[in-house]
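Here is what each chain is made of, one letter per residue.
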Amino acid sequence: MRCPSCSYAETEVLDTRKLNDGEMTRRRRKCRACGRRFTTYERVETVSLTIVKKDGKREPYDREKMMRGIRTACYRRPIAVTRMEQLVNDVENAIMAIDDQEISSTAIGDEVMRRLRELDDVAYIRFASVYRSFADIGKLREAVDELLENS
């Protein structure tokens, strides 16, 4: 593993831990040249999945893109990063269970919204405001009212 600080190719593994019931491996490493410590994560690469966007365009599935959207929705909320990662894992497991090579971005967005709604109301509204592209404040108010009715 190449050091992110000095790009030296040799590092020493200091600690290895299994995460998410063995789905992922976390390794603490130390560069043999500069001594900097850093963390790497390993996971099994899943089957290639294509996302069909609302406009019909297709793009490869990107876990980090989903994580960025969830992080943005949860910004300054009392939600641990590990909980956000678990949410992404849960959504990923749900879409992989469909066992199809293509899935619509709408199906993924709906699954994220369902899980965010259970996690945090503010994060849910933030995500929904971007995902649903509210045209005006009235549509946003409807979403908030719906959330309050179902709480």
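Residues numbered from 1 in each chain as written. Predicted model: local features only at pLDDT ≥ 70, side-chain atom pairs only at ≥ 80, totals over all residues. Heavy atoms only, no water.

- Per an unreviewed UniProt entry, the recorded name for the protein is Transcriptional repressor NrdR, and the organism is Candidatus Chloroploca mongolica.
- The UniProt entry for the protein carries the following text under Sequence similarities (unreviewed entry): "Belongs to the NrdR family."
- Recorded in UniProt for the protein, the comment headed Function (unreviewed entry) runs: "Negatively regulates transcription of bacterial ribonucleotide reductase nrd genes and operons by binding to NrdR-boxes." (UniProt positions renumbered as here; feature names shortened; annotations may be inferred.)

1. So, the side chain of T11
Here's step 1: Note on placement: T11 falls in strand 1 (residues 11–19).
Here's step 2: Judged by its relative accessible area of 14%, T11 falls in the buried class.
Here's step 3: Separated by 3.4 Å, the side chain of T11 and the backbone oxygen of M1 make a polar contact.
Here's step 4: In this structure, T11 is in contact with M1, C3, R29, K30, C31, R32 and F38, ignoring residues within four places of it in sequence. (Helix = DSSP H or I, 4+ residues; strand = E, 2+ residues; numbered from the N terminus. Buried < 20%, exposed > 50% of the residue type's maximum accessible area, 1.4 Å probe, protein only. Polar contact = N/O pair within 3.5 Å; in protein donor to acceptor, adjacent residues only side chain to side chain. Contact = heavy atoms within 4.5 Å.)

2. A few points about the side chain of E92
Here's step 1: Of note, E92 is situated in helix 2 (residues 81–97).
Here's step 2: Here E92 falls in the buried class, since its relative accessible area comes to 8%.
Here's step 3: A polar side-chain atom of E92 sits 2.9 Å from a polar atom in the side chain of R63.
Here's step 4: The contacts of E92, once residues within four sequence positions are left out, are R43, Y61 and R63.

3. A closer look at the packing of helix 1 (residues 63–73) against helix 4 (residues 121–131)
Here's step 1: With their axes 8 Å apart at the nearest point, helix 1 and helix 4 run at an angle of 125 degrees to one another. Compared by their axis directions, helix 1 and helix 4 come out oblique. Relative to helix 4, helix 1 is oriented so that their crossing is right-handed. Residues G69, T72 and A73 of helix 1 form the contact with helix 4, whose own contacting residues are A123, R126 and F127.
Here's step 2: By residue class, the composition of the contact of helix 1 with helix 4 is three nonpolar, two polar and one charged. (Axes fitted to C-alpha atoms, helices over the stretch in contact; angles between N-to-C directions. Parallel < 35°, antiparallel > 145°, perpendicular 65-115°, else oblique. Left-handed = near helix turned anticlockwise from the far one by under 90°. Nonpolar A, V, L, I, M, F, W, Y, C, P; charged D, E, K, R; others polar.)

4. Some thoughts on the pairing of strand 3 (residues 37–43)
Here's step 1: One ladder, built from seven bridges, connects strand 2 (residues 24–31) with strand 3; its direction is antiparallel. Each bridged residue has a counterpart across the sheet, and for M24 the counterpart in strand 3 is R43.
Here's step 2: Linking strand 2 back to strand 3 in an antiparallel pair, the connection comprises five residues, with G35 at a positive phi of about 85 degrees. (Pairing = 2+ DSSP bridges.)

5. Some points on the nonpolar core
Soluble, globular proteins show a tendency: their nonpolar side chains are buried together.
Here's step 1: One finds M66, I70, C74, I108, V112, L116 and F127 to be the most contacted residues of the largest nonpolar core, which totals 27 residues.
Here's step 2: At the level of secondary structure, the elements contributing two or more residues to this core comprise helix 1, helix 2, helix 3 (105–119), helix 4 and helix 5 (137–150).
Here's step 3: No other element matches helix 4, which puts six residues into this core.
Here's step 4: Setting aside residues up to four positions removed in sequence, I108 forms contacts with I51, M66, V91, I95 and I103. (Core = buried A, V, L, I, M, F, W, Y, C linked by side-chain atoms within 4.5 Å.)

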